[in-house]
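Here's the letter readout for the chains.
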Amino acid sequence: QVPALTNDSTPPITVNATQAGTLSIAGGCLASTTPSLLVGNTTFSFDSLFDGTYTCVLTLGTGTATTSATTTAFTIDTTVAAPTATFPAVNAFNQTAVTLTGGGEAFAVLSYSITDATTTIAGTTTVTALGGWSVTLNLSTLLDGVLTGTFFQTDLAGNVSTSTTVFSTKDTTSPVLTIITQVP
């Protein structure tokens, strides 16, 4: 059988025949080289399939009889889009609990890294079934200045997206007010 979810657009399949014969394939699946089956196991690959769900019907013709078998449904998924991300400004009040949010493919693993000039904070979280994600981070160890957030996701089929980069500013310095001239 083909795995239920795969990023291989030409998935291999192994069939077992109790008699030798010729295989025909239907159900949206094709193989440019239709194998002649011998008794026992034969492995071949389908031609390139588009993303989608397939159920293939394999028919063995032995010259005197035919028999068919149907694959369980399987899904070809060869792409995943880059995730979205928002990165709020960081200040003295929120630096220990900064919440980053965004969107992605349901159940994908979102990887993130937040960097200043010298330090990186990295980790992962899972995108929800509704396609959202959030993570709350302590960014107090990062230096004031520009912070760079880089995000990518890996979906359940194993596809890795391109990265999304967003910027924020960290400013934890309290303002100073000095009276220069006092009114008489």
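Residues numbered from 1 in each chain as written. Predicted model: local features only at pLDDT ≥ 70, side-chain atom pairs only at ≥ 80, totals over all residues. Heavy atoms only, no water.

Caption draft 1: Local environment of the pairing of strand E7 (residues 57-61). Judged from the five bridges that link them, strand E3 (residues 21-26) and E7 form a sheet pairing that is antiparallel. Directly across from Ile25, in E7, lies its bridge partner Leu58. The hairpin turn running from E7 into strand E8 (residues 66-70), its antiparallel successor, is four residues long, and Gly63 in that turn takes a positive phi close to 100°. (Pairing = 2+ DSSP bridges. Helix = DSSP H or I, 4+ residues; strand = E, 2+ residues; numbered from the N terminus.)

Caption draft 2: Quick peek at unusual backbone geometry. Positive phi, close to 70°, is recorded for Phe107, a residue that is not glycine. Within the secondary structure, Phe107 is located in the loop between strand E12 (98-103) and strand E13 (109-115). We classify Phe107 as partly exposed; its relative accessible area is 45%. (Buried < 20%, exposed > 50% of the residue type's maximum accessible area, 1.4 Å probe, protein only.)

Caption draft 3: Up close: the sheet that holds E13. Judged by pairing direction, the sheet is mixed, and its five strands sit side by side in the order E11-E17-E16-E13-E14 without closing on themselves. Of all strands in the sheet, those bounded by a partner on one side alone are strand E11 (90-91) and strand E14 (120-126). Note: E11 against strand E17 (residues 164-171), two bridges, orientation parallel. Within E17, the position partnered with Val90 by the bridge is Lys170.

Caption draft 4: Geometry of the side chain of Lys170. Looking at where Lys170 falls in the secondary structure, it is placed in strand E17. Although Lys170 is buried, it forms no salt bridge, and the closest oppositely charged side chain is Asp144 at an N-O distance of 4.5 Å. Polar side-chain contacts of Lys170 include one of 2.8 Å to the backbone oxygen of Leu139. (Lys, Arg positive; Asp, Glu negative; His and termini not counted. Salt bridge = Lys/Arg side-chain N within 4 Å of Asp/Glu carboxyl O. Polar contact = N/O pair within 3.5 Å; in protein donor to acceptor, adjacent residues only side chain to side chain.)

Caption draft 5: The arrangement of the state of the cysteines in detail. If you walk through the whole model with that rule in mind, you get one disulfide. Residue pairing for Cys29: its cysteine sulfur links by disulfide to Cys56, the two sulfurs lying 1.7 Å apart. Its S-S torsion of about -45° marks the bond between Cys29 and Cys56 as left-handed, since a negative value means left-handed. Taken as a pair, Cys29 in the loop between E3 and strand E4 (36-37) and Cys56 in the loop between strand E6 (52-54) and E7 lie far apart in primary sequence, 27 residues in all. With respect to burial, Cys29 and Cys56 carry one shared label: buried. (Disulfide = S-S within 2.5 Å.)

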